[in-house]
Amino acid sequence: MTKLKTQSLHKRNSELAQSNKQLEILSNGIFASGELPTFAEKIEETGQFPMKPKKLEILQINLGYMCNQTCDHCHVDAGPDRKEIMTVETMKQCLEVIKNTGAHTVDLTGGAPEMNPNFRWFVEEASKAGIKDFIVRSNLTIIRANKKYYDLPQFFKEHNVHVISSMPHWTRGKTDKQRGEGVFDMSIKALQELNAIGYGMPDSDLRLDLVYNPSGAFLPTDQENMKKDFKKALLEDFGIHFHDLFAITNLPIARFLDFLIASENYEEYMYQLVDAYNPAAVKSVMCTNTISISWDGWLYDCDFNQMLELKVDSKVQHISEYNEDVLNDRNIIISQHCYGCTAGAGSSCQGSVAE
């Protein structure tokens, strides 16, 4: 069993559970005073304002904020106490879009997307649409959380699902510190089960990738070097194989913003992000090729904007009125959290983005 780290900001009635409060913090202080440039000012310096989308490649669909974990860094503020879940009606609207989209990837996320009671039905129906890459983002522990989830690896295999899994570190101490006591051991067990049916194995078409988020107020190191370290340690210690590793910078929103403020690291972290700004990363951040769909069907430029309730700047704002041509003509909504995706080698749900 895992022991939860904390309660969600919503459960604690924290003022940071409100997106407007988060945006207020991100817009004031060192940015309002001019001590640091706003993200809009920064990208204007490099001739990249306003940001516009490119060809749509990815539909990222959030099936709900319910999760069996409450991790320290979670930008979704997910947890067992979150009850927001996508309905079958909204799923059917998503399926219509999936059948007609020019995007080649469907990316299911949460919370723990597997906890949506209609998750399997949705995967089965969406798999029929001929999408090239069908992703489920799993926290791994859900596979061992309850008997009803024990067969998830086999279900994933049957539908050729690309599994992208959270794994903070190859050691128990650092993983459990970020995600809760017992998470590491359950994650290792889940990875071994995925390996046992072919996931992540050399030359296997069953894709298994890992996601790394730093456990403190610092930026991830080089993604390729980190992948080598993860591969070596997990193989030597547990016999585990995986294909790729994505290093994702923690964005200063929701629970990670709460941590930064509580630990008095907020200003220092924002300085790190601004100092590491890389104009080359702006061209390939996730908002340029992705539409994010919330559990209740609203459309966003990215998963992070979804959590800040910054809907797309378009006449089309809901899945029920979806129009790809209209959406492709919008400007992308930005704020200071966007520095997190353009620091260093850049960061997106697919890891580093700068060439």
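Check the entry above for the structure.
Residues numbered from 1 in each chain as written. Predicted model: local features only at pLDDT ≥ 70, side-chain atom pairs only at ≥ 80, totals over all residues. Heavy atoms only, no water.

J.: Before we move on, can you summarise the sheet that holds strand β1 (residues 58–62) with the specific residues and values?
T.: Ordered by their spatial adjacency, 8 strands build an open sheet running β6-β5-β4-β3-β2-β1-β7-β8, and the pairing between neighbours is mixed. Two strands lie at the open edges of the sheet, namely β6 (244–247) and β8 (299–300), each paired on one side alone. The sheet contact formed by strand β5 (residues 208–212) and β6 spans 4 bridges and is parallel. Among the inter-strand pairings, Asp209 is bridged to a residue of β6, identified as Asp244. Lying on the sheet, helix α3 (residues 88–100) is in contact with β1, β2 (105–109) and β7 (290–293); it crosses β1 at an angle near 170°. Helix α4 (residues 119–127) contacts β1, β2 and β3 (133–138) of the sheet and is inclined by roughly 160° relative to β3. (Pairing = 2+ DSSP bridges. Helix = DSSP H or I, 4+ residues; strand = E, 2+ residues; numbered from the N terminus. Contact = heavy atoms within 4.5 Å. Axes fitted to C-alpha atoms, helices over the stretch in contact; angles between N-to-C directions.)

J.: Tell me about helix α1 (residues 19–27), residues and numbers included.
T.: Ser19, Gln22, Leu23 and Leu26 are the residues of α1 that are buried. An end-on view of α1 places all buried positions within 95° of arc, on one side of the element. Contacts from the buried residues of α1 go to α10 (254–262), α11 (266–275) and α13 (303–307). With its phi angle positive at about 60°, Gly29 sits one or two positions after the end of α1. (Buried < 20%, exposed > 50% of the residue type's maximum accessible area, 1.4 Å probe, protein only. Arc of directions from axis to C-beta.)

J.: So what's going on with the nonpolar core? Which residues, and what values?
T.: Counting 102 residues, the largest nonpolar core has Ile61, Leu108 and Phe156 as its most contacted members. Once residues lying within four places of it in the same chain are set aside, the contact partners of Leu108 are Ile61, Leu63, Pro113, Phe119, Phe122, Val123, Phe134, Ile135, Val136 and Arg137. Counting 5 residues, the second-largest nonpolar core is a separate cluster that includes Ile135, Ile164, Phe246 and Ile248. (Core = buried A, V, L, I, M, F, W, Y, C linked by side-chain atoms within 4.5 Å.)

J.: Outline the layout of surface pockets, supporting the account with residue identities and numerical values.
T.: Counted as a void, the largest pocket has a volume near 310 Å³. Of all the secondary structure elements, the ones that give two or more residues to the lining of the largest pocket are α1 and α13. (1 Å grid on protein atoms, 1.4 Å probe; cavity = no way out; pocket = protein on both sides within 12 Å on 5 of 7 lines; lining within 4 Å. Points joined across faces, edges and corners; volume = space filled by probe spheres on them.)

J.: An account of unusual backbone geometry is needed here, citing residue identities and associated values.
T.: In this structure, Pro50 follows Phe49 across a cis peptide bond, with omega equal to -5°. Take Pro50: it is sitting in the loop between α2 (39–45) and β1. In this model, Gly110 is joined to Gly111 through a cis peptide bond whose omega is 15°. Positionally, Gly111 belongs in the loop between β2 and α4. The backbone of Ala254 shows a phi angle near 50°, a positive value even though the residue is not glycine.

J.: Summarise the side chain of Glu114; cite the residues concerned and give the values.
T.: For Glu114, the location among the structural elements is in the loop between β2 and α4. Buried and unpaired, Glu114 has no salt bridge, with Arg120 as the nearest side chain of opposite charge at 9.1 Å. For Glu114, the side chain forms a polar contact with the side chain of Ser138, separated by 2.9 Å. Excluding its chain neighbours within four sequence positions, the residues that come into contact with Glu114 are Phe119, Val136, Arg137, Ser138, Ile142, Tyr149, Leu152 and Phe156. (Lys, Arg positive; Asp, Glu negative; His and termini not counted. Salt bridge = Lys/Arg side-chain N within 4 Å of Asp/Glu carboxyl O. Polar contact = N/O pair within 3.5 Å; in protein donor to acceptor, adjacent residues only side chain to side chain.)

J.: Report on the side chain of Arg82, specifying residues and quantitative values.
T.: Here Arg82 shows up in the loop between β1 and α3. Using a relative accessible area of 4% as the deciding quantity, one classes Arg82 as buried. Within the structure, the side chain of Arg82 is placed 2.8 Å from the backbone oxygen of Asp77, a separation counted as a polar contact. In this structure the side chain of Arg82 is engaged in a polar contact, spanning 2.7 Å, whose partner is the side chain of Glu84. Arg82 has contacts with Ser8, His10, Tyr65, Met66, Val76 and Asp77, leaving out every residue within four places of it along the chain.

Honestly, that's just the spatial picture; any functional story needs more than this.
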